[in-house]
Amino acid sequence: MPKKIMTEPRRKKKPGRPRAAPGEGRPRDALLDAAASLFAAHGMAATSLAKVAAAAGLTSAMVHYYFKTKEQLIEAVVTERLGVFLSSVLEDGQGDPDDPVEFLTGVIWRLARASEQYPWMPALWVREILTVGGGLREYMGRLLPLDLLRRLAARYAAGQDAGCFPPEVEPLLVPFAAISNLLLPLVIKDLIGELMGLEALTSQRLAAHAEAMVRHGLAGSVPPSSKSAVRPKTVGGKEGKRECNGCPWPY
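Residues numbered from 1 in each chain as written. Predicted model: local features only at pLDDT ≥ 70, side-chain atom pairs only at ≥ 80, totals over all residues. Heavy atoms only, no water.

**Points about the confidence of the model for the protein**
Then comes step 1: Across the protein, the average pLDDT comes to 80, with 76% of residues at or above 70.
Then comes step 2: Predicted confidence for residues 13-24 stays below pLDDT 50, and this span has 13 contacts to residues more than four positions away or in other chains.
Then comes step 3: Taken together, the stretch residues 222-243 has pLDDT below 50 and engages in 42 contacts with residues farther than four places along the chain or on a different chain. (pLDDT = per-residue confidence, 0-100. Contact = heavy atoms within 4.5 Å.)

**Some remarks on the pattern of salt bridges**
Then comes step 1: By the definition in use, this model includes 10 salt bridges.
Then comes step 2: Residues Arg-81 and Asp-29 are paired through a salt bridge, measuring 3.4 Å at the closest nitrogen-oxygen approach. Of this pair, Arg-81 sits in helix H4 (residues 70-90) while Asp-29 sits in helix H1 (residues 27-42), and the two are 52 residues apart along the sequence.
Then comes step 3: By relative accessible area, Arg-81 is classed as buried at 9%.
Then comes step 4: The class of Asp-29 is partly exposed, set by a relative accessible area of 26%.
Then comes step 5: The closest approach of N and O atoms between Asp-147 and Arg-150, which form a salt bridge, is 3.5 Å. Residue Asp-147 and its partner Arg-150 are both found in helix H8 (residues 146-161); the two are separated by 3 residues, about one turn of the helix.
Then comes step 6: Here Asp-147 falls in the exposed class, since its relative accessible area comes to 66%.
Then comes step 7: On the basis of relative accessible area, Arg-150 is assigned to the partly exposed category, the value being 49%.
Then comes step 8: Overlapping salt bridges, with partners in common, bring together Arg-26, Asp-29, Asp-33 and Arg-81 in one network. (Salt bridge = Lys/Arg side-chain N within 4 Å of Asp/Glu carboxyl O. Helix = DSSP H or I, 4+ residues; strand = E, 2+ residues; numbered from the N terminus. Buried < 20%, exposed > 50% of the residue type's maximum accessible area, 1.4 Å probe, protein only.)

**Quick word on the packing of aromatic side chains**
Then comes step 1: Applying the stated criterion across every chain, the model contains 5 aromatic pairs.
Then comes step 2: Ring geometry for Tyr-65 versus Tyr-66: centroids 5.0 Å apart, planes at 85 degrees, classification edge-to-face.
Then comes step 3: According to the relative accessible area criterion, Tyr-66 is buried, its value standing at 19%.
Then comes step 4: On the numbers, 6.4 Å between centres and 45 degrees between planes, the contact of Tyr-66 with Phe-67 is tilted. Each member of the pair, Tyr-66 together with Phe-67, is buried.
Then comes step 5: The cationic tip of Arg-110 hangs over the ring face of Phe-103; the distance from NZ or CZ to the ring centre is 5.6 Å. (Phe/Tyr/Trp six-rings, centres within 6.5 Å; stacked < 30°, edge-to-face > 60°. Lys NZ or Arg CZ within 6 Å of the ring centre and 35° of its normal.)

**Topic: the packing of H4 against helix H6 (residues 121-130)**
Then comes step 1: Where H4 contacts H6, the axes come no closer than 12 Å and their chain directions differ by 110 degrees. Classed by the angle they form, the pair H4 and H6 counts as roughly perpendicular. Along the contact surface, H4 presents Arg-81, Leu-82, Phe-85 and Leu-86, while H6 presents Met-121, Trp-125 and Ile-129.
Then comes step 2: Taken together, the residues of the contact of H4 with H6 sort by class into 6 nonpolar, no polar and 1 charged. (Axes fitted to C-alpha atoms, helices over the stretch in contact; angles between N-to-C directions. Parallel < 35°, antiparallel > 145°, perpendicular 65-115°, else oblique. Nonpolar A, V, L, I, M, F, W, Y, C, P; charged D, E, K, R; others polar.)

**Topic: the packing of H1 against H6**
Then comes step 1: Relative orientation of the contacting elements H1 and H6 amounts to 60 degrees, with a least axis distance of 8 Å. In terms of axis orientation, H1 runs oblique to H6. The handedness of the crossing between H1 and H6 is left-handed. Here Ala-36, Phe-39, Ala-40, Ala-41 and His-42 of H1 come into contact with H6, specifically with Ala-123, Leu-124, Arg-127 and Glu-128.
Then comes step 2: Among the residues forming the contact of H1 with H6, the class breakdown is 6 nonpolar, 1 polar and 2 charged. (Left-handed = near helix turned anticlockwise from the far one by under 90°.)

**Re the side chain of Gln-160**
Then comes step 1: Summarising the element assignment, Gln-160 is placed in helix H8.
Then comes step 2: Classification of Gln-160 as buried rests on a relative accessible area of 16%.
Then comes step 3: Within polar-contact distance, the side chain of Gln-160 engages the backbone oxygen of Val-169 at 2.8 Å.
Then comes step 4: Filtering out sequence-adjacent residues up to four positions away, Gln-160 remains in contact with Phe-165, Pro-166, Pro-167, Val-169 and Pro-171. (Polar contact = N/O pair within 3.5 Å; in protein donor to acceptor, adjacent residues only side chain to side chain.)

Following this line, the structure appears as structure tokens:
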């Protein structure tokens, strides 16, 4: 009589990651991008996990696999989208922070490029950070490079003392003013274009405008006075610039 072959009983499969439909790519990234877009368009309070899943073209099971709660999703958006965005725009090592105007014009152009990659970011910034009661305000202390911003302010103040920069400008506000010159127009460019008849308000065009505002506003003309060390003259054969005693910036 043939021996009975013993087979192991089939083990129950543990619940795991739901299968993604073909063409979905990386579901977690899709969920983060969908959440950021919805937060920017409708606000964090009005965005549910179900809406995020639908916007990403995924199931509710998929979103709950990656994020058990809405708070976990928000934390991931802050770290992996907002944090990455700010690092790419403000990170030290991209330009010389000891030269405030050149560094901030670099920030403006990096912001313009990053906003093309993350088109929802300007609106998200205005809705959830600039607005009183915004849901992302509490995260700014850990995301902003505060030491770098203070260093920029200190160098700008040193330039003011040397007569290079307008004395009325508040140094600690300089980085925020420079960024706002681009950030707000990026949010309302379509409205501005419609109301004022301006065409092709691209991020590049807006960045050029913001750079001009920085170069001719934050580093504008300083009238000579008893407290100023400014000596207007031609620098490097170029008209319209000036050289200051005591500072390295020939604006």
